[in-house]
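Structure assessment
These are the residues of each chain, in order.
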2 protein chains.
Amino acid sequence: MAKNRFPVWRLIQSELEAEIRSGLIGPGDQLPSENELAERFGVNRHTVRTALANLAMLGLVRARRGRGVFVEDRPPEYRITRDSKWSEIERQMNTGPSGQLLGSSERLATSAIAGLLAVPVATPIVMVETLRGASPSLLIYSYHVFERDRFVGIDAAVSRTGSFTDALAEFGVEAFFRASTWIDCRMPRPREAEALSIPLDAPVLVMMYVDSDTAGRPLLYGNAVIPSGSLVVRIDTL
Amino acid sequence: MAKNRFPVWRLIQSELEAEIRSGLIGPGDQLPSENELAERFGVNRHTVRTALANLAMLGLVRARRGRGVFVEDRPPEYRITRDSKWSEIERQMNTGPSGQLLGSSERLATSAIAGLLAVPVATPIVMVETLRGASPSLLIYSYHVFERDRFVGIDAAVSRTGSFTDALAEFGVEAFFRASTWIDCRMPRPREAEALSIPLDAPVLVMMYVDSDTAGRPLLYGNAVIPSGSLVVRIDTL
């Protein structure tokens, strides 16, 4: 169904992108020349050039005048541990709290949300939407869900402090830990694409997680929507 | 650039898909009626119906005759631990080894691959491509990279046994463990889309990993290409 909707340069882009992202063509390596790629894929140089321009726009390659096209460094890693926090990433990147409140809304917990927050089904919850940016090349759209009556005014605290860690501290939460993380991918919602400055046909990585307090009681259910290629999630198990 | 290429039903699909995947509309919940959705998004019922049909095709919702449209159960979880193995998933799903050899090729290790396999740069490596299916709704396209001279004939062993665990045993590897995992997402390569029976505009989750032997020496670098929505990766840290 979709095949013939796809321009040839996009197919070439997806081939090269897969090799670059897997490390089969490594950071610093030079790509084959436009002529070589045109021959390999059986297309003309113009088509190859369009694919390369798109890879450059994604930050995967960079043309060096008169020398060719080279693979850029891989995106930063986000390590999942019990101490995973966005504020840690911001600290590593030498930026302060960068959370910008986009809005908040109330609803009732579905059975899925109730299970994650360990509250009864239909408990009132508040969902806080933020845009966070540790750097211009790393923007993240987030949804954070809290039990409403336990954290009245959490949205205002996030708006004031730019940080969930700081906002939670105002409610007496001194420390919290990552309990579980789920990772999925999908296409962006229109408002996510707009806030993240990505096209509607660029996929996003979605990291869903539950953070708990020192007693192991769930505090929040978060969803981080991350443009594909701007961050790689890493888990060490040995 | 992309916005006006996108039909309205796809935007509605992405809105509902985001809510379903995050659990904000939970498994078993009924979606609002076609009329309510048409009003909410300011479109006609035909557009809503196209979006719902696509969500059904993705396995996210199911229409029950005369009763409405309901959210399906979430996809199976793949837990990342030091014992993570595809053969474990197959065992959980009561299927045997399902690996089907698609091909193998040789190349030289880039610095990225060399670092992952702990071999010198430009060491000959062999890349084995397989298609694995624990169930009809869970197909995975995989690339496994090995040091060629250490595992001569690994491709034939995989072809014979349908399993990397069994193939490695033929080389004296009694046990192995997941050392590190990286998770990314991208659009599929044409041959991946074809083998996985997904459209070229459906994103894939890519799980990259290094498995090591009992002495901690890397054995293989794997890439699993998983259609979006057929599996959710899970990490427990508390």
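Rules of the game
Within each chain, residue numbers correspond to sequence positions counted from 1 in written order. In the order they appear in the text, chains get letters beginning with A and ligands get numbers beginning with 1. Reporting of local features is limited, given that this is a predicted model, to residues whose pLDDT is at least 70; pairs of side-chain atoms are given and counted only at 80 or more, and all residues count toward the totals for whole chains, interfaces and linings. With hydrogens and water excluded, all non-hydrogen atoms of the structure serve as input to the side-chain values. A contact between two residues is defined here by any heavy atoms of the two lying within 4.5 Å. What counts as buried area is the accessible surface, traced by a 1.4 Å probe, that two parts surrender upon association, with contributions from both included. Salt bridge, as applied in this entry: a Lys or Arg side-chain nitrogen positioned within 4 Å of an Asp or Glu carboxyl oxygen. Under this definition, polar contacts are N or O atom pairs within 3.5 Å; protein pairs additionally need one hydrogen-donor-capable and one acceptor-capable atom, and for neighbouring residues in sequence, both atoms have to be side-chain atoms. UniProt positions are given in the numbering used here, feature names are shortened, and annotations may be inferred rather than shown by experiment. Secondary structure counts use DSSP, requiring at least four H or I residues in a row for a helix and at least two E residues in a row for a strand, with both numbered from the N terminus. Nonpolar core, defined: a set of buried Ala, Val, Leu, Ile, Met, Phe, Trp, Tyr and Cys residues in which side-chain atoms within 4.5 Å join the residues together. A simple rule labels every residue: compare its accessible area, found with a 1.4 Å probe on the protein chains alone, to the largest value its type can have, and call it buried under 20%, exposed over 50%, or partly exposed in between. Throughout the structure description, domain borders are defined by an automatic or database domain assignment. Interaxial angle, 0 to 180 degrees, is taken between N-to-C directions of lines fitted to C-alpha atoms, where a helix line uses only the stretch in contact. By definition in this entry, angles of less than 35 degrees are roughly parallel, angles greater than 145 are roughly antiparallel, angles of 65 to 115 are roughly perpendicular, and the rest are oblique. Pairing of aromatic rings covers Phe, Tyr and Trp, the last through its six-membered ring, and needs centres within 6.5 Å; plane angles under 30 degrees mean stacked, over 60 mean edge-to-face, and all others mean tilted. Lysine NZ or arginine CZ positioned within 6 Å of the ring centre and within 35 degrees of the ring normal marks a charge as sitting over the ring. Pairing between two strands is assigned when DSSP locates at least 2 bridges connecting them.

Within an unreviewed UniProt entry, the label attached to chain A reads Phosphonate metabolism transcriptional regulator PhnF, and the organism entered is Phreatobacter aquaticus.

**A short note on the interface of chain B and chain A**
Opposite the 67 residues of chain B that make contact, chain A presents 67 residues. When the two sides are added together, the surface that chain B and chain A hide from each other amounts to roughly 5,900 Å², 60% of it contributed by carbon and sulfur. When the shortest N-O distance is used, the salt bridge between B:Glu19 and A:Arg107 registers 3.8 Å. Counting across the interface, chain B meets chain A through 29 residue pairs in polar contact (both at pLDDT 80 or more).

**Re the UniProt feature "domain: HTH gntR-type" (unreviewed entry) in chain A**
The positions that UniProt labels "domain: HTH gntR-type" (unreviewed entry) are, in the present scheme, residues 6-74 of chain A. Annotated as residues 6-74 of chain A, this span is 52% helix and 12% strand, and its ends, taken at the C-alpha atoms, are 27 Å apart.

**Examining the nonpolar core**
Formed by 62 residues in total, the largest nonpolar core has its most connected members in A:Ile183 and B:Ile183. Each residue touching B:Ile183, except ones within four places of it in the same chain, is listed here: A:Ile183, A:Leu205, A:Val232, A:Val233, A:Ile235, B:Ile80, B:Leu205, B:Val206, B:Met207 and B:Val233.

**Here's the deal with the domain arrangement of chain A**
Taken domain by domain, chain A comprises domain 1 (3-71) and domain 2 (77-234). Relative placement of domain 1 of chain A and domain 2 of chain A: their C-alpha centres are 34 Å apart.

**A word on the packing of helix 2 (residues 34-41) of chain A against helix 3 (residues 45-57) of chain A**
All names here are of chain A. At a closest axis distance of 9 Å, the pairing of helix 2 and helix 3 adopts a crossing angle of 105°. In terms of orientation, helix 2 and helix 3 fall into the roughly perpendicular class. Of helix 3, the residues touching helix 2 (which contributes Glu34, Asn35, Leu37 and Ala38) are Arg45, Val48, Arg49 and Leu52.

**With respect to the packing of aromatic side chains**
According to the stated counting rule, one finds 8 aromatic pairs over all chains in the structure shown. Their ring planes at 70° and their centres at 5.4 Å tell us that A:Phe151 and A:Phe171 sit as a pair that is edge-to-face. Pair noted here: A:Phe151 is in the loop between strand 6 (138-147) and helix 6 (154-161) and A:Phe171 is in the loop between helix 7 (164-169) and strand 7 (176-186), with a separation of 20 residues, a long-range link. A:Phe151 gets classed as buried once you look at its relative accessible area, which sits at 3%. Linked through ring pairs, A:Phe146, A:Phe151, A:Phe164 and A:Phe171 together constitute an aromatic cluster. The lysine or arginine in question, A:Arg64, covers the ring of A:Phe70, its NZ or CZ lying 4.3 Å from the ring centre. Above the plane of the ring of B:Tyr209 lies B:Arg178, whose end atom (NZ or CZ) is 4.1 Å from the centre.

**Digging into the pairing of strand 2 (residues 68-71) of chain B**
All names here are of chain B. The sheet contact formed by strand 1 (residues 61-64) and strand 2 spans 4 bridges and is antiparallel. Each bridged residue has a counterpart across the sheet, and for Val61 the counterpart in strand 2 is Val71. Linkage of strand 1 to strand 2, two consecutive antiparallel strands, is achieved through a turn of 3 residues, within which Gly66 is found at a positive phi near 75°.

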